[in-house]
Amino acid sequence: VLLNGTVTVYQGSKVIGTSKTAAGKFNVYDLAPGTYKFKFKSNGGKTLTKTVTIQNAGAVTVNFQF
């Protein structure tokens, strides 16, 4: 089941950006290499956080499963 909600991206405690999901997918652009925290909050109130290290510019896939 695909859930819609909002993804907030943090670098340390600083919010880098947010994105609303569409059909369970989201896009965040222009992240430099580094470590980021992705926090997903579904429209139903469930939350899940993942830490991701980006090593090179390009597309990265982050999957959230409840």
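Overview of the structure.

Our focus in this paragraph is the pairing of strand β3 (residues 34–42). Residues of β3 alternate between two faces, with Gly34, Tyr36, Phe38, Phe40 and Ser42 buried on one and Thr35, Lys37, Lys39 and Lys41 left unburied on the opposite face. Here strand β1 (residues 5–11) runs beside β3; their pairing, made up of 6 bridges, is antiparallel. Bridge pairing in β3 places threonine 8 opposite lysine 39. Relative to strand β4 (residues 47–54), β3 runs antiparallel, the two being bridged by 8 bridges. If you follow phenylalanine 38 over to β4, its bridge partner there is lysine 50. Between the end of β3 and the start of β4, which pair antiparallel, lie 4 residues, with glycine 45 showing a positive phi angle near 100°.

Quick notes on the rules
- Each chain has its residues counted from 1, running along the sequence as written.
- Local features in a predicted model are, by the rule used here, given only for residues with pLDDT of at least 70; side-chain atom pairs are given and counted only at 80 or more, and totals for whole chains, interfaces and linings are based on all residues.
- Side-chain calculation: all heavy atoms of the structure are included, whereas hydrogens and water are not.
- Note on exposure labels: buried denotes an accessible area under 20% of the residue type's maximum, exposed denotes more than 50%, and partly exposed covers the range between, all computed with a 1.4 Å probe on protein chains only.
- The helix count covers DSSP runs of H or I at least four residues long, the strand count covers runs of E at least two residues long, and both are numbered beginning at the N terminus.
- Any two strands between which DSSP finds at least two bridges are classified as paired.

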